[in-house]
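Commentary on secondary and tertiary structure
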Amino acid sequence: FRLHGGPLTEDGAPEHQLAYACRQGRMFNPLLAVAVQLTDVGPQAGGFCVVRGSHKSNFVAPPRMLDLQAHQEHVHQPQTQAGDVILFSESTLHGTLPWRMEEQRLAVLYRFAPNNHAYGRSYLPWPAHFTEGMTEAQLAVMEPPYNTRLDRPCVELDGSVTTASRSAAKKDFDMSVFKTPYF
């Protein structure tokens, strides 16, 4: 087990990709996580945990805290019911405690970021057997994160798929100046 996230790296440098900030009454949060709980989580059940308020920290968390060897009183495991939603910033120290219940823990995790910011170690193509038989809309949902200006397929409310794209004039400009349709 190890807590992760937070506004600072372990050596104290700002973690700009995750950093929460509040300036002149406006909050900026480049990566919002949404965890939909599909099972009940009672007291001491395990699962998602968080250090409340840590997204605002200007100090590195003690290494023994990250490993839950000290300061455990600051690590909160929320009690939730199936259908509850937990919103948290990736700049908040968080983790997953060992699951202690008999039934399987089920949750769905979504991450929301600006369209010019992707969060992940890499995005490899899905193996063919993962996407075999999927509809056009299902395949659109399986696309890795990238800006819609790069001709991204988008699922409309009626289930149809359209392609979001930049105008031909902008593509022509990029081609004439940068020798590529996308800059």
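Conventions used here
Residues numbered from 1 in each chain as written. Predicted model: local features only at pLDDT ≥ 70, side-chain atom pairs only at ≥ 80, totals over all residues. Heavy atoms only, no water. Buried < 20%, exposed > 50% of the residue type's maximum accessible area, 1.4 Å probe, protein only. Helix = DSSP H or I, 4+ residues; strand = E, 2+ residues; numbered from the N terminus. Pairing = 2+ DSSP bridges. Axes fitted to C-alpha atoms, helices over the stretch in contact; angles between N-to-C directions.

The buried count for strand 4 (residues 47-51) comes to five of five residues, which makes it a mostly enclosed element. As paired elements, strand 4 and strand 7 (residues 94-97) share four bridges and run antiparallel to each other. Paired with Gly47 across the two strands is Leu97, which belongs to strand 7. By the bridge criterion, two bridges tie strand 4 to strand 5 (residues 75-76) in an arrangement that is antiparallel. Within strand 5, the position partnered with Val51 by the bridge is Val75.

Below, the discussion takes up unusual backbone geometry. Backbone geometry places Gln44, a non-glycine residue, at a positive phi of 60°. By the secondary structure assignment, Gln44 is in the loop between strand 3 (32-37) and strand 4.

With that settled, consider the sheet that holds strand 8 (residues 107-112). The strand order across the open sheet formed by three strands is 6-3-8, and the pairing between neighbours is antiparallel. Edge positions in the sheet fall to strand 6 (85-89) and strand 8, since each of these pairs with one other strand and no more. With direction set aside, neighbouring strand axes in the sheet form an average angle of 20°. Relative to strand 8, strand 3 runs antiparallel, the two being bridged by six bridges. Looking at strand 8, one finds that Gln37 is bridged to Ala107.

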